[in-house]
Every structure is written in structure tokens, then in C-alpha cells.
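Structure at a glance
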Amino acid sequence: MIEARHLTKHFHDKKRGLIPAVEDVSFTCRPGQIYGLLGANGAGKTTTLRMLATLLQPTGGTAVVGGHDVIGDPVGVRAHVGFLAASTALYGRLTAREMIAYFGALHGMADGAIAARIRQLADELDLHEFLDRRCDKFSTGMKQKTSIARTLVHDPAVMIFDEPTLGLDVMTARAIVRFVRQCRERGRTVIYSTHVMSEVEKLCDIVGIIHAGRLVAEGTLPELQARYGERDMEEIFVKAVGGEAALAAAMDAKEARP
Amino acid sequence: MNWSQILTVYLKELKDSLRDRRTLISMIVIPTLVMPGLMFGAGAVMSKIVKKARAEATSLVIVGGEDSPGIVAALKADPRFRVVENDGDFRRLVSDKKIRLAVAIPPGFEAALQGGAPQEVTLYHYESEMKSGLGVSAVEGFFRQLRERTVAARLAERGLPASLVQPFEVRRENVAPPEKVGGNIIGGVIPYLIVIMCFTGAMYPAIDLTAGEKERGTMETLLCSPVPRVSIVLGKFLMVMTASVTTMVLSVASMGLSVVIGGMLLGGGMAKAAAAGAAKGSAPAVIPMLDPLGLFGVVAMILPVAVLFAAVLLAVSLYAKSYKEAQSYVSPLIIVIIMPAVMGMLPGIELTAKTALIPILNLSLVCKEMLSGVWNWPMIGLIFGSTVVYAGVALGYCVRMFNREDVIFRS
């Protein structure tokens, strides 16, 4: 379960002063559901997800993730969350097994439990072939599989995916999408950010459209189609953010951002 | 804060670093092989040059002296000197280092020795040039002997005893045991080397564990784990400390070992070279001995400094976005470290309550004392205490940097 309540994040910048990255974002994501956060680059997706994963502290508002408050108990939140982003890399000098075991240990798991979990994950994700090789020699697909195993080692109730298919080849991207579906089938709470419209159509139960830090539209795909009178996700998205001109303006503003 | 988490982070960083060739080189290869190699190489070359310069005859030009054939002949006959033809511009010859010095003998010099007016011999030399300096003392020795012979002859002429012009003698006797002499000569250099090894040993891992992680994208992965940032910092900090202390201990051990082995191989050669290096002239030909207890004292005193280095290096390189950026922040710090360490080697800077509060300089000063067996406990306490305070502040600052998201996510 994820409940975001009025999440707000402002960054300070020496040149431009206060930058509102996320402004008053509220939504709820239930177990067994995939919540898709759709937005252009720089719309505030990553910042929102980083706040949910307690990597960043909200300037205002809060969120309850897996029964823990992100402000009051960030360590408790992280204990129940699996966070996977394009920016969460692997330690190149560790083997896949060591990498997964390290995060198991950081989650306070006992050695025996870690070993059993690695065996199970290796079966599920087909890691056996490269389990004892160093991560820096891996292909993108192998890296992504190992990263998934890393996020799953403690069997989290909540999964946060921040553009997990970014820069991946078709095969690997499809494998990720398949895996995200599996998470839903197992009753996990899943939040998934992307700017790829087709992924949203295929995957998400509820779609939240975020634009310039604000949640501008939310609903199931049929609901959004009915509201905007469009079938195509891309058309819905452009209408929701207020037309192409508004999108272009936001992209220009983002250009100047760090 | 949770010790088992800190240990988990530490052990992983240790494993990770030990697989990194660059860390291994900076932590193990440089202190054990390169440092003693450099020291011995430089020492051997220096002692060879000094020896050669001593053995070589002093080349000189005689200016004037046409009416003093005896003196000129004596200079020419002396095997220590090689008299060169004067081509007119003797100053240029000295400046160009074609000759070591020029000796100007005034007109009528030899005649004046028989009881004439006092004369003046001028030696034209090149200040601070080693060969010229050696030549000057040799020629001075020659003329001193000549003067003494002249005085003795004049006294004998008048039937006076030699003691008339020498009412008393001044004699020097060294009471400092050889290890104290060694403590002062080597004692200045050792803390300096240790400080540098300690810093360079910490430098590489500190960058790798912070800016390196940011650059490779593993920092965000690590921050996803349910470990408070304090534990992450302390785990990383312990790894940097390990590297720093390992580098330092290995360099001290290898230096100690090479001094012992070198002493056995070269006999007194090293000591002579060291003595010549310290410009003390004729030091006794013993191997410089260090108080072994002092060496332990040095290692104990350096521990809080290692904490200080590790914390500062972590904090500074955490701020950087990339490995390269971190290097450009850290490299100038070496100068900041070297300056006070070098000042401690200078004669005249003494350990006082004020200098005891200047980090690194105080270490350099107190180590010099400890290595020559002097234990100034109040000062040692003051230095240790103040360094512990500095180190604590630095570590606290480092933890604060890790808690700043604008630093952690600076990109």
C-alpha cells in the first residue's frame, strides 16, 4: 500500500532560487495494483519516487509506504520497499551472488536465509549461469536481472520502478515488463514511472499523469479515455497536460534544470 | 547506529577494494617497494656524488702570485689541488663551474711572510655549491697550515714558546648517545613520510568509495537499503582508515627493515650520507639508531590524524560528482598536509603549547622528540587530545555531508 498525501519537494538552486519539483501530489496505490506515473522528462516522476523510497525527504506533505511513514520511519519504509531505477547500478567488482547477498545482509537477513533466497531467485530469474561472475562483465540483460534479484532479496511488499526499461534493448525491456506483471500477480503494491505510452497501456491499472510537478489527471485507462474522448494514450497525455504548447514550455524550463 | 550493519558495509568495502588494482598499488606496493627503493636510490646516489666530489682534486685558478713562487709551487704540488691556467676572467670560470674556486694571492705575499705587513688572500667561490664549498675548505686548510707554520717560525726566531699565542685549547666531546643523534636526523624525516603515506593511503579509497560510487551509480542502490546513513558513513570510514593505517604501517615496517638491512650492507655509509645531508660535517660513523618504543609512540600519535584525514577526504570527495572532480579537490590538499609536516623538520621550530595545537605540525614535532627517546607527557597529551577533537569534528562533518541530499544527489 502506498498513500501519498500532498507530497511536495522544492530544491534550492543558487542561480534560479526555489525550484518546485513536485507540488502537492496525492494518490493511493493498493496491493495487487500497478500504478503508472506518466510524465515527460523532468515532470517530477523521479523526485516523487525518490521521496516514496525515502532517498529524498519531502519539503511538505508525507507518504505512508508499506505501513511506515516516509518522514517518521524512513528505515522502516526501506525495509519493505524494493527500488529499481535506471540509476541503481551494481558493484562491478562483486559477483552477482555477492551483490545480492550484500543487500540481504543490509536487510538484516541471516546467512542461511540469504543463501536459500538466492537459490530461489536464481531459479526464478534464470541467474545460475552468471551468478558467480563479476557484474562489470555483464550484458545489460544480465545486469538488469541481477538488479531485480537485488531488489527482491528481502521479499518487499512494495515495488518502486523508476523508468526501469530506459535504455534497454527490446528483449530485456519485455522481460522487465513481464516481471512487473508477476509482482502484481503476487499481490505486491507496484508503482511504475515511465514516459513510454505503450508501457502504460499494457501494464498499468491506474495511470497518474504528472506535469510540471503536479498530478494533472488520474484514473484507469477507460476512465481517462472517456474523460478526454481519445483512445490513444499519447493523445490523452497531451490533452491532460494542456496541449502541446504547455508540454513544450515545460520541456524548455526543464532544459535549464541541472 | 548498528554495529552489525557497519560491519557489513565495512567488510563489503574491504572486499571490493581488495579487488581493485589501483587501491592495492596505493595501499601495498607503493609503501613496501617504491618508498624504500626511492630512499635507498636517492641515498646511494647522494653518497656516491659526495664521495666522488671529495676524491676529486679541487680545480682552481691562481690569480697573481708571480712574486710568490714557493706558495704557487706548493699549491701545484699538493695532490688535493689541480691548478688550471688563468684565462683572465676567473670569476666567469667559477660561475660557470669550470673550476671550483680562484685563489687571489696579493703582490709581495711571500716576502711579507718574513715579517712584513699583514696580507690578505682572497678565495673566490660559488656560495651553496657543494664542490666549491669542499674546495674552499681544502684551500683554507692549506693556508691555515701555512699561517701556523709562519707563526711558529716567527716565534722561534724571537725565542718565544708556542704557547704564547695559544693560551688555551677548546675541545668538543659528544655526550649524545648515537640513537639520539639518529633521532634528530632521521626523526625529522620519518613523521613527515608517515604523514604523507597516511594521507595518500586514504586518498584513493576515499574517492573510490564516495565520488566513485556516485559516478558508477551504486550510491543510489546503497541508499535504498534499510541502513541509516550514519552506518554507511562509518562502514566506509573504517575502510578508508584501514587503507590509511595499512599503508602507514607497511611503509614504517619496510623503512625500518630497509634501514636495518641497509645498515648491514653499507655499514656506516648510510649514516655518513645522512650526516652529510644534514650538513653536520663530521658525524660519527654509526647507523642512526631509533628508539623502537618511539616508533610505537609515533604510530599511536598518528591514529587520530588518520581519522582526521579519512573523514576530511570522505567529506570532500563525497561532494564531487565524479572521480576526476574528486581528484582535483583532493590533490591540492596534499600541499596543505606537506607544509606543516615540512615545517616540523626545520630547526628552530620548537614544541610549545601553541604549536601543539597546530595539526600535523604538532605531530611532526612530537615525533621527532619521541624518536630520540624524549617523552614530554603533558605535550603528548595535549597533542593527542587536540587531534582527537579535530578528528571528531571532521567525522561529524562527514556524517552531516552524507545526510545532505543536495550533496548525495549532486549531479
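No experiment lies behind these values; they were computed from the predicted model shown. Every chain is numbered on its own, with residues counted from 1 as its sequence reads. Naming scheme: in the order in which they are written, chains are lettered from A and ligands are numbered from 1. In keeping with the model being predicted, local features are shown solely for residues with a pLDDT of at least 70 and side-chain atom pairs are shown and tallied solely at 80 or more, while totals for entire chains, interfaces and linings include all residues. In computing side-chain properties, one takes all heavy atoms of the structure into account and sets aside hydrogens as well as water.

1. What to know about the overall build of chain A
The line we're drawing: Numbering of helices and strands runs from the N terminus; a helix is a DSSP stretch of H or I covering at least four residues, while a strand is a stretch of E covering at least two. Categorising residues by exposure relies on relative accessible area from a 1.4 Å probe, with only protein chains included: less than 20% of the type maximum marks a residue as buried, more than 50% marks it as exposed, and the intermediate range marks it as partly exposed. Every residue pair with non-hydrogen atoms within 4.5 Å of one another is taken to be in contact. Surface accessibility in these figures is a Shrake-Rupley result with a 1.4 Å probe; residues are shielded only by whichever protein chains are displayed. Residues scored as positive are Lys and Arg, those scored as negative are Asp and Glu, and His as well as the terminal groups of each chain are ignored. Charged side chains are reduced to one point each, which is NZ for Lys, CZ for Arg, CG for Asp and CD for Glu.
Of regular secondary structure, chain A possesses 10 helices and 10 strands. Principal-axis analysis of the C-alpha atoms gives chain A an extent of 55 × 40 × 35 Å. For chain A, with 258 residues in total, the buried portion stands at 52%. When contacts within chain A are restricted to residue pairs at least 6 apart in sequence, those whose partners lie at least 24 apart make up 66%. Here chain A displays about 11000 Å² of accessible surface, and carbon together with sulfur accounts for 51% of that area. Of the charged side chains in chain A, 32 are positive and 31 negative; the average position of the first set lies 4 Å away from that of the second.

2. Let's talk about the interface of chain B and chain A
The criterion, for reference: By buried area we mean how much accessible surface two parts lose on assembly, using a 1.4 Å probe and totalling the loss over both. Throughout this description, the term salt bridge denotes a Lys or Arg side-chain nitrogen within 4 Å of a carboxyl oxygen of Asp or Glu.
Each side of the interface is counted separately: chain B has 25 residues, and chain A has 28 residues. Across the interface of chain B and chain A, roughly 2600 Å² is buried in total on both sides, 55% from carbon and sulfur atoms. Its largest share of buried area at the contact with chain A, chain B owes to B:Arg19, B:Glu220 and B:Pro226, together 24% of the area lost on that side. Counting across the interface, chain B meets chain A through seven salt bridges. The salt bridge partner of B:Asp20 is A:Arg93, with a shortest N-O separation of 3.7 Å.

3. Here we look at the sheet that holds strand β6 (residues 81-85) of chain A
All names here are of chain A. Note the threshold: By definition, two strands form a pair when at least two bridges between them are found by DSSP. Working convention: axes come from line fits to C-alpha atoms, limited for helices to the stretch in contact. Angles between N-to-C directions cover 0 to 180 degrees.
With mixed pairing, six strands are arranged side by side in an open sheet as β6-β7-β8-β3-β9-β10. Every interior strand has two partners, whereas the edge strands, β6 and β10 (214-219), have only one. Each strand of the sheet is rotated relative to its neighbour by a mean of 15°, with strand direction disregarded. Its contacts with the sheet put helix α5 (residues 140-152) on β6 and β7 (158-162), and the angle it makes with β6 is roughly 160°. Of the strands in this sheet, β9 (206-211) and β10 are in contact with helix α8 (residues 221-228), which crosses β10 at around 105°.

4. Focus on the pairing of strand β2 (residues 17-29) of chain A
Residues and elements named next belong to chain A. Relative to β2, strand β1 (residues 2-13) is paired through nine bridges, and the arrangement is antiparallel. When the sheet's bridge partners are listed, glutamate 3 is paired in β2 with threonine 28. Connecting β1 to the antiparallel partner β2 that follows it, the hairpin turn spans three residues.

5. What to know about the nonpolar core
Quick note on the threshold: For our purposes a nonpolar core is just a set of buried Ala, Val, Leu, Ile, Met, Phe, Trp, Tyr and Cys residues, chained together by side-chain atoms within 4.5 Å.
Of all hydrophobic cores here, the largest spans 158 residues; its most connected members are A:Leu52, A:Ile209 and A:Met233. When residues in this core are grouped by element, the largest group, 14 residues, is from helix α12 (residues 292-319) of chain B. Residue contacts for A:Ile209: discarding those within four places in its chain leaves A:Leu38, A:Arg214, A:Leu215, A:Val216, A:Ala217, A:Met233, A:Ile236, A:Phe237, A:Ala240 and A:Val241.

6. Notes on unusual backbone geometry
All names here are of chain B. Notably, serine 128 is not glycine yet its phi reads approximately 70°, a positive angle. Counting through the fold element by element, serine 128 comes out in the loop between β4 (122-124) and α6 (130-157). Overall, the relative accessible area of 75% leaves serine 128 in the exposed class. Backbone geometry at isoleucine 360 places phi at a positive 70°, although glycine is not the residue there. Residue position: isoleucine 360 is located in the loop between α13 (323-343) and α14 (361-371).

7. Looking at the domain arrangement of chain A
All names here are of chain A. Which entries qualify depends on this criterion: Domain ranges listed in this record stem from an automatic or a database domain assignment.
Once the domains are mapped, chain A shows domain 1 (2-80 + 156-255) and domain 2 (91-155). The C-alpha-based centres of domain 1 and domain 2 are spaced at 27 Å. Domain 1 puts 13 residues into the contact, and the matching count from domain 2 is 12 residues. Of the roughly 950 Å² buried between domain 1 and domain 2 on both sides combined, carbon and sulfur atoms contribute 62%. There are two salt bridges connecting domain 1 and domain 2.

8. Here's the deal with a nonpolar patch on the surface
Residues and elements named next belong to chain B. The test is simple: Each patch groups residues whose relative accessible area exceeds 30% and which form no salt bridge, using 9 Å between like charges and 5 Å between nonpolar side chains of Val, Leu, Ile, Met, Phe, Trp and Tyr.
A surface patch of nonpolar side chains, about 550 Å² in accessible area, is lined by Ile25, Ile28, Val29, Ile30, Leu33, Val34 and Leu38. The topology assignment puts leucine 33 in helix α2 (residues 21-55). Look at leucine 33 and you get exposed, because its relative accessible area is 58%.

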